[in-house]
Every structure is written in C-alpha cells, then in structure tokens.
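Chain and residue survey
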Amino acid sequence: MRRLLSLMGAVLLLASCQSVSSSRAGSALPSEGQPLILGAKHSLRSNILEEERGYRLYLPPGYETSSERYPVLYLLDGDAHFHHSTGIVQFLAGNSHIPQMIVVGVSNTNRTRDLTPPTRGDTRMPGIGSPQSVAQALPTAGGADRFLRFLVEELAPHIEARYRTQPYRILVGHSFGGLFALHALMNRPESFHAYIAISPSLWWNNGELVAGAVKSLERLPEQERFLYMSMGNEGDDMLKPIQQLAASLEQARLARLAWRYSFLENDHHGSTPHRTLYDGLEALFEDQRVSPALAREGNLAQVEANYARLSKRLGFEVRPSEDLVNAMGYYLLRDGKVEPALTVFRRNVELHADSANVHDSLGEALEAAGQLDAALASYQRALELGIKADKVHPAYQQSLERVLHKLAATPKPAAAPVQTSGDSAP
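Right, let's walk through the structure included here. These numbers were taken from a predicted model, which means no experiment stands behind them.

**Side note on the side chain of aspartate 114**
With respect to the secondary-structure elements, aspartate 114 resides in helix 3 (residues 111-115). Aspartate 114 sits in the buried class, given a relative accessible area of 3%. Polar side-chain contacts of aspartate 114 include one of 2.7 Å to the side chain of arginine 113. Not counting residues up to four positions away in its chain, the partners in contact with aspartate 114 are Leu49, Arg53, Thr109, Gly143, Ala144, Phe147 and Phe180.

See the structure below:
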C-alpha cells in the first residue's frame, strides 16, 4: 500500500508539472525575445556625503531560491565596470574557481573628490606638460576619507541588512579607485578583507602612500588581509611607484598580508581592469581550484580538506560548489563505482539541499544501484524543488517517468502464506 501511494503521488506530481509547463508555453513572450537581467539599480541617501548615492546590484544565480550566504565585492566606478565584472564573477564561480558572490557597483557623483586622499600643495600633475599642481588642476580632490566612511558606515551595513552576506568584503578600484583601495588598506584595513588595486595612481602626493606603506601595514588586524595590484605599460609616472611598493613589501614580508603584483606589459591604462579582476579573484581563492585529476578521482575528502583550509584563512565557510561535487559523482558513476558515487551525491544533497539538480543526480545513482523506491523519492523531490523555483528541467520529468515504468514492470513479491490455528504445530 505504501508503495502504491508513493507511485500515485509521483504520477500526480508529474501531471502537475506538465500542466505548469503547458501554461508557460501558452504565455510565451513575443518573438522579439526575452530580456537578459544583469542586475538592478538602487539608491541610498547618504547622511555622510549629504547626497543620494546610486549603486548597481548583482545577485548570484539561484539567490532567490537558496539559503546560501555570499561574500560581497564592492566595485568602484560601478557604472563603467559593472557589466564585465559581473561576467567575470559568474564565469569563475560557474567553473568553481571562486565562490558565488554579490557584486555592488558604486556609481559616481564626483569621482575625483571621492576617490583621492587629501592633497599636498607641492604635488604636480604628471604628464600634462605644465607645472600645475594637483590642487590647481583638481580643486575638488581630497575626499577619500569621507567616502570611505560612506562605504563602511552606510553602504555596507545597508547591503548586509537586506541580503544574505558572509562577513567578507572585497574592494576593487581602478586608477584613482586603485589609489583609494590602497589608501583604505593602509589607513582603515579593517574596512575590507581583500583589496584589488588596478593601475593605482600612486604618484599622488609625490608617492606619499608608497613611502609610508610598510609602517602602515604593520598595524593590520589579526585576520589576514589580501592585496592584488596590477599595472599596465603606462609610463614611468605610473610604473615606478608601484614597483617601489612591491619591492618594499617583498623586503618587509609582513605576516598578516598576502599580496601579489602583476605587470601587464601588453595592456594600457584602460585595458587593465578586466584582466586584473579575473587574475586577482583567482589568486584570492586559489585554494578553491580543484585539479581535473583530483575531480576525476572523486576524492571528495581531499577536496573538502582544501576548502576547510581556505575557510580558515578567509574567516568564513567556503563549501564545494554544487557543480563540482556533481561532476565528481558522475566521474565515479561513469567508471562503475556506484557506492562511492552515492556517497558523493548524498554529500551534495547535504551541502545544497535547496537545489533540484542534486536530488535528480542522487536519483540517477540510486537508480543505477537498483534502489528504485529511493530513486523515485529523489526524483519527486527534484520536481518539487524545480516547480517551486519555476525551473523544471525536462530531465526531471523524464527521470520520474523512467523509474515509474521500471517500478510498474517490477514483479510484486509473492505474499507469504497465512497460517491458521489449524495449520499450527501441536
């Protein structure tokens, strides 16, 4: 009776799923196509800056239907770099090189004011062919400390109160934004956990930031900070200060700072952001990458040990991605190692219980092991979650139909003879 009820439930669920699919087909968008959503625009009233500040927000795929928490990447010059940066994040996360994350692209109102430290009167503008000082050329400059207060005291708490975030913030800036990132690291290092400074304008204030870098960075918090710097082929005014900074950091060997510097010989000032963000995020999460050989082995224990080490370094839990663990399970299943595959797929259900796909994959392994009733339950769960998320993959229906047919064709075990009192032994 229990098995019959389970079969009836599966049939009803399948019928409901097909009904939902048909209704969607009838309400399809016109032939001009369906929009692709990259993010959303928002704004926040800043009391510190005394103005309305806009920002763009990217949420990871599946955010609405999961219970996961995510690190947050704060992207300066957000209007200019939001599109390509969210593409990098989605691509790297989709290939299990970094965790999924939220991206906040901070829009500008007065870029020079917000991204530059207070000016020194004798600082000259490089490369303009005149002795004009920064104060004369950029009269609104010098508001970096106030803008940093906005990011730390207003924007970050605003994001963290409204979205599921991990206690891990990444700051990314280009040019003046790179200068700002380094200024923040050296003056308020607790503000962010990782800093990516792209083509930073370290000539500012005659290289003052470079000269005081080591002394400033000796005051880092206990938890390790990460710095990734880059520079293109941009001339001596830009190149010499960052080379000097890299040399100073190399000599100092600061205990609580992990850092990298990359010279991009074939890039210019405008082309460094895309490549640097890609390389910088990979470097930050380098322990997360799993070699193809390890994935093919299906050695989940080793993978989880790597992730545990990364989690300890970052200060928040980073778990193997659903796609990575699924791939490991299928490698094992393909090689006929059904029991190890079941272990891997079951672990994926523990890690990503809200995903329809992990239940469908576990169902395949259970089906391969001949555990048809358990496979049916997994396929049912996959369909339920798919309907809930409005993402019903055709494979979920096909899997359910296939196991229903197998169960229907399976001979029922013969009923045991019922003994009466007259048949009992004396």
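**Details of the pattern of salt bridges**
Taken as a whole, this structure holds 24 salt bridges when the rule is applied. A salt bridge links arginine 113 to aspartate 114, with the shortest nitrogen-to-oxygen separation between them at 2.7 Å. When the shortest N-O distance is used, the salt bridge between arginine 347 and glutamate 350 registers 2.9 Å. Remark: glutamate 350 and arginine 347 occur in helix 14 (residues 338-351); sequence separation between them is three residues, near one turn of the helix. The class for glutamate 350 is exposed, based on a relative accessible area of 55%. Ionic contacts of the salt-bridge type, sharing partners, join the residues Glu51, Arg53, Arg113 and Asp114 into one network.

**Overview of the sheet that holds strand 2 (residues 51-58)**
Pairing is mixed in the open sheet, where eight strands are placed in the order 1-2-4-3-5-6-7-8. In this open sheet, the two edge strands, each paired with only one partner strand, are strand 1 (40-46) and strand 8 (257-264). Across the sheet, the axes of successive neighbouring strands diverge by a mean angle of 20°, strand direction being ignored. Here eight bridges tie strand 7 (residues 225-232) to strand 8, and the two strands are oriented parallel to one another. Note on strand 8: the bridge partner recorded for serine 230 is serine 262. Most of the contacts of helix 2 (residues 78-94) go to strand 2, to which it runs at about 25°, and overall it touches strand 2, strand 3 (70-75), strand 4 (102-106) and strand 5 (165-174). With respect to the sheet, helix 10 (residues 272-284) is in contact with strand 3, strand 5, strand 6 (194-198), strand 7 and strand 8, its orientation differing from that of strand 7 by roughly 150°.

**Some details on the pairing of strand 4**
The buried count for strand 4 comes to five of five residues, which makes it a mostly enclosed element. The side-chain alternation of strand 4 yields two buried faces, one formed by Ile102, Val104 and Val106 and the other by Val103 and Gly105. Bridge count between strand 2 and strand 4: four bridges; the pairing is antiparallel. Its bridge partner being in strand 4, tyrosine 55 is matched across the sheet by valine 106. With four bridges connecting them, strand 3 and strand 4 associate as parallel partners. Opposite leucine 73, over in strand 4, you have valine 103 as the bridge partner. You can see the chain leave strand 3, run along helix 2 and come back into strand 4, and the turn it takes is right-handed.

**Comments concerning the packing of aromatic side chains**
In total, this model carries 12 aromatic pairs according to the counting rule given. Summarising the aromatic geometry, the rings of phenylalanine 91 and tyrosine 278 are spaced 6.4 Å apart at their centres and angled 35° between planes, so their arrangement reads as tilted. Placement of phenylalanine 91 in helix 2 and of tyrosine 278 in helix 10 is noted, with a sequence separation of 187 residues between them. A relative accessible area of 47% places phenylalanine 91 in the partly exposed class. What links up through ring pairs into an aromatic cluster is the set Tyr63, Tyr70 and Tyr163. One Lys or Arg, arginine 53, reaches over the ring of phenylalanine 150 and ends 5.7 Å from the middle of that ring.

**Notes on the packing of helix 5 (residues 144-162) against helix 6 (residues 176-187)**
Following both chains from N to C, one finds helix 5 and helix 6 inclined at 75°, their axes separated by 11 Å at the closest point. Here helix 5 lies roughly perpendicular to helix 6, going by the angle between them. Contacts from Ala144, Asp145, Phe147, Leu148 and Leu151 in helix 5 reach Phe180, His183 and Ala184 in helix 6. Residue composition of the contact of helix 5 with helix 6, by class: six nonpolar, one polar and one charged.

**Regarding helix 7 (residues 204-211)**
Buried residues of helix 7: Trp204, Asn205, Gly207, Leu209 and Val210, and no others. In this fold, the buried residues of helix 7 make contact with helix 4 (134-137), helix 6, helix 8 (213-217) and helix 9 (236-252).

**As for unusual backbone geometry**
Non-glycine residue asparagine 206 carries a positive phi angle of around 55°. Positive phi is not limited to glycine here, since arginine 253 has a value of about 50°. For arginine 253, the location among the structural elements is in the loop between helix 9 and strand 8. Classification of arginine 253 by relative accessible area gives exposed; the value is 65%.

**Observations concerning the side chain of histidine 174**
Structurally, the position occupied by histidine 174 is in strand 5. A relative accessible area of 10% means that histidine 174 is categorised as buried. Apart from the residues within four sequence positions on either side, histidine 174 is in contact with Asp77, His81, Arg111, Ile198, Ser199, His269, Thr272 and Pro273.

**Description of the nonpolar core**
By size, the foremost hydrophobic cluster in this structure holds 63 residues, and its most contacted members are Leu73, Ile170, Leu281 and Phe285. In terms of residue count, the dominant contributor to this core is helix 16 (residues 372-388) (seven residues). Sequence-distant contacts of leucine 73, defined by excluding residues within four places in its chain, comprise Val89, Met101, Ile102, Val103, Val104, Ile170, Val172, Leu277 and Leu281. Membership of the second largest hydrophobic core comes to 57 residues, among which are Tyr55, Tyr63, Leu115 and Leu155.

Calculation criteria
- Residue positions are given per chain, counting from 1 as you read along its sequence in written order.
- Local features in this predicted model are restricted to residues whose pLDDT is 70 or higher, and side-chain atom pairs enter the listing and the counts only when it is 80 or higher, whereas totals over whole chains, interfaces and linings include all residues.
- By convention in this description, side-chain values take in all heavy atoms of the structure and omit both hydrogens and water.
- Helix and strand definitions follow DSSP, with helices as H or I runs of at least four residues and strands as E runs of at least two, each counted in order from the N terminus.
- Burial here depends on accessible area, computed with a 1.4 Å probe over protein chains only, as a share of the maximum for the residue type. Under 20% is buried, over 50% is exposed, and the range in between is partly exposed.
- Pairing of N or O atoms within 3.5 Å defines a polar contact, subject to two protein rules: one partner must be a possible hydrogen donor and the other a possible acceptor, and residues neighboring in sequence count only if both atoms are side-chain atoms.
- Whether two residues touch is decided by their heavy atoms; if any such pair falls within 4.5 Å, the residues are in contact.
- Salt bridge criterion: a side-chain nitrogen from Lys or Arg within 4 Å of a carboxyl oxygen from Asp or Glu.
- One bridge is not enough; two strands pair if DSSP finds at least two bridges between them.
- Axis geometry follows a simple rule: fit a line to the C-alpha atoms, using only the stretch in contact for helices, then measure angles between N-to-C directions, giving values from 0 to 180 degrees.
- Crossover handedness is defined here as right-handed if the route from the first strand over the helix to the second strand goes clockwise, with the strands pointing away from the viewer.
- Pairs were defined over the aromatic rings of Phe, Tyr and Trp, the Trp ring being its six-membered one, requiring ring centres within 6.5 Å. Orientation was assigned from the angle between planes: stacked under 30 degrees, edge-to-face over 60, tilted for the rest.
- Sitting over a ring, as applied to charges here, requires NZ of Lys or CZ of Arg to be within 6 Å of the ring centre and within 35 degrees of the ring normal.
- Between 65 and 115 degrees an angle is taken as roughly perpendicular, under 35 as roughly parallel, over 145 as roughly antiparallel, and anywhere else as oblique.
- As a working rule, the residues Ala, Val, Leu, Ile, Met, Phe, Trp, Tyr, Cys and Pro are called nonpolar, Asp, Glu, Lys and Arg charged, and the rest polar, with Gly in that last group.
- The term nonpolar core refers to a set of buried residues drawn from Ala, Val, Leu, Ile, Met, Phe, Trp, Tyr and Cys, joined through side-chain atoms within 4.5 Å.

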